[in-house]
Every structure is written in structure tokens, then in C-alpha cells.
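Chain by chain, the residues run as shown.
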Amino acid sequence: MIKVAGIKRGTVIDHVTAGKGLWIFNKLNLASLGHPVVLLMNVPSERLGRKDIIKIEDYTQVDTAMLGLIDATITVNIIENEQVVAKTQVTLPQVVSGLFACGNPRCVSNSDQYVMPIFELYEAESRAYACEYCEEITKVAWK
Ligand SMILES: [Zn+2]
């Protein structure tokens, strides 16, 4: 197995479902972050069989709401002085702003570029969110 040194300070996005790592890398725009980033793919995992891991040095502000929408198996580890100081299991967020568009084409959040779409979780199992403005239910297809 490839050995990758741990990071001194930063974020480790662990237990990513194998194959989703690159997608998250692009969705979080990590290439343009300006910090050293490592993307490991198809790493053997006891829990998942195979998993992807993303390590970001000197950066701890990852969007856990977005990660929860993408892949609820993810664990986010915050590293300080080579030690894990915080571990977060991501979940489907209760409130989401700006990560996807309302399914109603006539919604003000789609027609006015200055209106940020805001949604509240409507039903977790179907990943359905209700729009704050028009109450349209939008199902998040990210999986
Ligand atoms: Zn709407």
C-alpha cells in the first residue's frame, strides 16, 4: 500500500465512499484552494471495503453541510500538531443554503441572481428539501 505522511495541521476527510473522492475534490474546488491537498483513492477500509481519503494541509474550513449532502459515511478529522483534535460524522444538513437550485423554475431564487436559495430538510430518507421561498420540494440527487 502507498504510504502517505500524515499532516501536521489541517483536515482529513475520511471514509469517503470509493469513487466519490474526485467528485468531492472538484465540488469543493480543492485544486484552487492554494493549500497542499492529497487525494487517495481505493484505500482498503475495514468499514467500507474500499474508501477514498482527502487530506488538506493548513485548512480546516471544509463545508460539512455539502459533505453531508454528498456522502453521509464521511468523517471529518481536524488535525492540530499531528493529533486529531475534532472528529465529526457528517449528516444530512437541516438547513442548506446555496448548494443546489430550487426545482421550481418560477421560484424567486431561480429568477433573481441576488436571492440565495435556502432549503429546510423535509424528509431525510428521500433527501427531500423544502424551499424557503416557494415551498417546492426538491430532492437532492447527489449520491
Ligand atoms: Zn423555490
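Summary of the structure given here. (Residues numbered from 1 in each chain as written. Predicted model: local features only at pLDDT ≥ 70, side-chain atom pairs only at ≥ 80, totals over all residues. Heavy atoms only, no water.)

A few words on the coordination of the zinc ion. Distances from the zinc ion to its protein donors, Cys102 (SG), Cys107 (SG), Cys131 (SG) and Cys134 (SG), fall at 2.3 to 2.4 Å. Here the zinc ion binds four donor atoms, and the angle range of 100 to 113° at the metal identifies the geometry as tetrahedral. Taken in chain order, the donor set of the zinc ion reads C-x4-C-x23-C-x2-C. A relative accessible area of 29% means that Cys134 is categorised as partly exposed. (Donors = N, O, S within 2.8 Å, 3.2 Å for Na, K, Ca; no water. Tetrahedral: all angles 85-135°; square planar, octahedral: opposite > 155°, others 65-115°. Buried < 20%, exposed > 50% of the residue type's maximum accessible area, 1.4 Å probe, protein only.)

Read across the sheet, four strands follow the order 6-7-8-9 without closing on themselves; strand pairing throughout is antiparallel. Two strands close off the open sheet at either side, each with one partner strand: strand 6 (95-97) and strand 9 (137-139). Averaged over all neighbouring strand pairs, the angle between strand axes comes to 40°, with direction disregarded. In this sheet, strand 7 (residues 118-123) lies alongside strand 6 in antiparallel orientation, the contact comprising three bridges. Note that in strand 7 the partner of Ser97 across the bridge is Ile118. (Pairing = 2+ DSSP bridges. Helix = DSSP H or I, 4+ residues; strand = E, 2+ residues; numbered from the N terminus. Axes fitted to C-alpha atoms, helices over the stretch in contact; angles between N-to-C directions.)

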